[in-house]
Amino acid sequence: MAYLKPDKPEKVYVPALRAAKERGEKLVCLTAYDYPTARIVDEAGVDMILVGDSMGNVIHGYGNTIPVSLEEILSATKAVKRGSSRALIIADMPYGSYHTGDNRAVRNALKLMKYGGAEAIKLEGGRNRVDLVRRLVNEEIPVMAHIGLTPQSVHKLGGYRVQGKTTEAAKILIEDAKRLEDAGAFAVVLELVPREIAEIVTNELTISTIGIGAGSACDAQVLVLHDLIGFTFGRQPRFVRQYANVSGVITEAITKWMDDVRTGEYPAEAESYALPEDVDLEKAKSVLEPF
Ligand code: KIV
C-alpha cells in the first residue's frame, strides 16, 4: 500500500517512512516551533515537522539545547499541531526529560503526545537508550532515535564536532543504529557523521535514516528551518545551505517602515479610519472643559 503520493497530499503517519524507503523516495523534515511557521512548512509539503530542542539556540537564545524545558517543547508542539494538517509531528524530548528513570520518561513522552498532539517523539543516544526506546515503543509511543553528534551531550563531547572519525567510533555508530532499530525505533537521525558511515547505516537498516550533515545517502534530510532561510546569527556549519536571507528581508522592512514613520509617509489616509458623519466632535471635546 502506498502511503505517500506527492500529487495527493495524504496525512503522513509513521508507516509512510518505511514505505517511502522501500520505494527509494526521499523524505524531508524541517523544524518548526510556532503556528505560522508550521503552517508555511506544512503547506509547502514537508513530510515531517520536528519540534526540535534546537529552539534553545534558534528562538530562545540559550546558546545550546541544555536549558530547554518540557513545557517549552509542549507549548511549541501544541502550536505546531494547530498549524499543520499533513506532516508527521515529532516532538523532541528535551535534556532532563528522559534521564531520571524510564517511568518518568514515558510520562513525559505521553504528555507530548496526549496534550501536545505529537505523533512521535525523538530522543538522543545510542546503546544507553536502547532499553528506554523498547519501553516507549511498548507504550505505543513511536520513537525517532538520534545518534552521531547529539547536542545534549555538548559538555561531554566538548563541542559540536563530526562523530565516527575512528574505526572504533564508526563501529559503535553502526552498532548503535542496529540496536535502536532492534529496540523498535522507526527512524534514526544521523547528525554530523561521515557520509560513508551514513550510507552503510542506511543500507543496513530497514528503518529510515534522517541525515543532518551526514551526506546524501540518507533516506531523509532534516534541517533547522531558521538555518535554511537565513534567520540565525553567527557562522553556519558546512552542511547548511542557505536558501533565503529572511533576516535581511526583516531588517529591510523595519528600516523602510521606520523611515516612513519618521518622514510622515506612514500611515497614509487609506491606512487610517475616517470619522462617521454623525459624530459631533465639538460635543466629544466638551469633556475637556473641566481640565
Ligand atoms: O533539535 C533539532 O532541531 C534536532 C535536529 C537538528 C535533528 O535535533
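Residues numbered from 1 in each chain as written. Predicted model: local features only at pLDDT ≥ 70, side-chain atom pairs only at ≥ 80, totals over all residues. Heavy atoms only, no water.

**Quick notes on the domain arrangement of the protein chain**
Part 1 of the argument: When its domains are assigned, the protein chain resolves into domain 1 (2–244) and domain 2 (249–288).
Part 2 of the argument: Using only C-alpha atoms to locate each centre, domain 1 and domain 2 end up separated by 47 Å. (Domains from an automatic or database assignment.)

**Focus: the packing of aromatic side chains**
Pairs of aromatic rings are described using the distance from one ring centre to the other and the angle between the two planes.
Part 1 of the argument: Taken as a whole, this structure holds one aromatic pair when the rule is applied.
Part 2 of the argument: Cation over ring: Lys11 sits above Tyr13, and NZ or CZ is 5.5 Å from the ring centre. (Phe/Tyr/Trp six-rings, centres within 6.5 Å; stacked < 30°, edge-to-face > 60°. Lys NZ or Arg CZ within 6 Å of the ring centre and 35° of its normal.)

**Quick look at the pairing of strand 6 (residues 187–191)**
Part 1 of the argument: Among the five residues that make up strand 6, five are buried, leaving the element largely enclosed by the rest of the structure.
Part 2 of the argument: Alternating positions in strand 6 separate into two faces, Ala187, Val189 and Glu191 on one and Val188 and Leu190 on the other, with burial throughout.
Part 3 of the argument: Of the pairings in the sheet, the one linking strand 5 (residues 143–148) to strand 6 comprises five bridges and is parallel in character. Residue His146 lies in a different strand from strand 6, and its bridge partner there is Val189.
Part 4 of the argument: Bridge count between strand 6 and strand 7 (residues 208–212): five bridges; the pairing is parallel. Paired with Ala187 across the bridge in strand 7 is Ser208.
Part 5 of the argument: Of the crossover connections in this fold, the one passing from strand 6 over helix 9 (residues 195–204) to the parallel strand 7 is right-handed. (Buried < 20%, exposed > 50% of the residue type's maximum accessible area, 1.4 Å probe, protein only. Helix = DSSP H or I, 4+ residues; strand = E, 2+ residues; numbered from the N terminus. Pairing = 2+ DSSP bridges. Right-handed = clockwise from strand over helix to strand, strands pointing away.)

**Notes on unusual backbone geometry**
Part 1 of the argument: With an omega dihedral of -5 degrees, the bond running from Tyr266 to Pro267 counts as a cis peptide bond.
Part 2 of the argument: For Pro267, the location among the structural elements is in the loop between helix 11 (246–263) and helix 12 (281–285).
Part 3 of the argument: Positive phi, close to 50 degrees, is recorded for Leu192, a residue that is not glycine.
Part 4 of the argument: You can see Leu192 is positioned in the loop between strand 6 and helix 9.
Part 5 of the argument: When its relative accessible area of 15% is taken as the criterion, Leu192 is described as buried.

**A short note on the site of the ligand**
Part 1 of the argument: Residues in contact with the ligand, as listed here, are Thr31, Leu50, Gly52, Asp53, Ser54, Asp92, Lys122, His146, Ile212 and Val224.
Part 2 of the argument: Between the ligand and Ser54, the relevant distance is 2.5 Å, taken from an oxygen atom to a side-chain nitrogen or oxygen of the residue.
Part 3 of the argument: Separating an oxygen atom of the ligand from a side-chain N or O atom of Lys122 is a distance of 3.0 Å.
Part 4 of the argument: Grouping the amino acids of the shell around the ligand by side-chain chemistry returns three nonpolar, four polar and three charged. (Near = heavy atom within 4 Å. Polar contact = N/O pair within 3.5 Å; in protein donor to acceptor, adjacent residues only side chain to side chain. Nonpolar A, V, L, I, M, F, W, Y, C, P; charged D, E, K, R; others polar.)

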